[in-house]
Amino acid sequence: MSHVVQIKTQVRDAAAVRAGCFRLGLDEPVEGELKLFSETVRGLGVQLRDWRYPVVFDLTTGESKYDNYQGRWGRQGRLDEFLQAYAVEKTKIEARRKGYSVAEHRLADGSIKVSLTVGGAS
Amino acid sequence: MKTIDVVVSPVGATRVETNGFTGDQCRQASAFLEQALGLSQNERLKADFYKTEVRDQQQAQQSS
């Protein structure tokens, strides 16, 4: 092992968003102008389970907008769960694009480990 | 065998670890994932990274 990098996930890939939704059994994401409580925003909307309003991702900036009224209109855990699903699916998409083999394992702490095999013995 | 392990936490934060690479190869190998997933926050070099770099430098000095 030679290096470890920590990454803050940014949602920028519509295909990985769709795959994340499918993985969690959510409806297909919706592109366009989407209404939150007090504003209308443009982007790719994901309707999380038990959330009153969608989470809207700006794929250009990687930013997200939502109004869950400090948890009353949707638990943060549902958004965390989606971000995890997105990151896993994005990793798998990028790995397959490179031709790497992929194996996925769920760890005891709830993390998901995706192992990419790059090539033969060094 | 060269592998890249990506561990995604329950809150969606990601840790990328490279295994089996020598020296700076690991950075090149995982750069595509780091760019694809989001913002790199910090990088920690493992002991193997430095050992390989030192050996490479020694070999370069001996051959020059």
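Keep in mind that what you see is a predicted model, and the values were worked out from it rather than measured. By convention here, each chain's residues receive numbers from 1 onward along its written sequence. Here every chain gets a letter starting at A, and every ligand a number starting at 1, in the order they are written. For this predicted model, a pLDDT threshold of at least 70 governs which residues receive local features, and a threshold of 80 or more governs which side-chain atom pairs are given and counted, while totals over whole chains, interfaces and linings are taken from all residues. Only hydrogens and water are set aside; all other atoms, that is, all heavy atoms of the structure, feed into the side-chain values.

Trainee: Explain the nonpolar core to me, please; I cannot follow it from the model alone.
Mentor: Taken as a class, soluble globular proteins show a tendency for nonpolar side chains to be buried jointly. Within the largest apolar cluster, 19 residues are counted, with the highest numbers of intra-cluster contacts made by A:Leu116, B:Ile4 and B:Val6. Those elements giving two or more residues to this core turn out to be strand E1 (3-9), helix H2 (76-98) and strand E7 (112-117) of chain A together with strand E1 (3-8) and helix H1 (25-37) of chain B. Where helices and strands are cited, they refer to DSSP runs of H or I of at least four residues and of E of at least two residues respectively, numbered from the N terminus. Tallying contributions element by element places H1(B) first for this core, with five residues. Contacts were defined at the residue level, with two residues in contact if any of their heavy atoms lie within 4.5 Å. Ignoring anything within four residues of it in the chain, the contact list for B:Val6 reads A:Thr91, A:Ile112, A:Lys113, A:Val114, B:Thr14, B:Arg15, B:Val16, B:Leu33 and B:Leu37. With 17 residues, the next largest nonpolar core counts A:Leu44, A:Val55, A:Phe82 and A:Leu83 among its residues. Here, nonpolar core refers to any group of buried Ala, Val, Leu, Ile, Met, Phe, Trp, Tyr and Cys residues whose side-chain atoms link them within 4.5 Å. Residue exposure (1.4 Å probe, protein chains only): buried if accessible area is under 20% of the type maximum, exposed if over 50%, otherwise partly exposed.

Trainee: I keep staring at the sheet that holds E7(A) and nothing clicks. Help me out?
Mentor: Picture the strands of a sheet paired through backbone hydrogen bonds; they go either parallel or antiparallel. Reading across the sheet, the six strands line up as E6(A)-E7(A)-E1(B)-E2(B)-E1(A)-E3(B) and stay open at both edges, with antiparallel pairing between neighbours. Each edge of the sheet is formed by a strand with only one pairing partner; in this case those strands are strand E6 (101-106) of chain A together with strand E3 (38-45) of chain B. Averaged over all pairs of adjacent strands, the angle between strand axes in this sheet comes to 20°, irrespective of strand direction. A pair of strands is labelled paired if DSSP reports no fewer than 2 bridges between them. Two elements, E1(A) and strand E2 (residues 14-19) of chain B, share five bridges in a ladder whose sense is antiparallel. Opposite A:Val4, over in E2(B), you have B:Glu17 as the bridge partner. Only the contacting stretch of a helix is used when fitting its axis, a line to C-alpha atoms as for every element, and angles between N-to-C directions run 0 to 180 degrees. Together, E1 and E7 of chain A together with E1, E2 and E3 of chain B form the strand contacts of H1(B), whose direction differs from that of E1(A) by roughly 10°.

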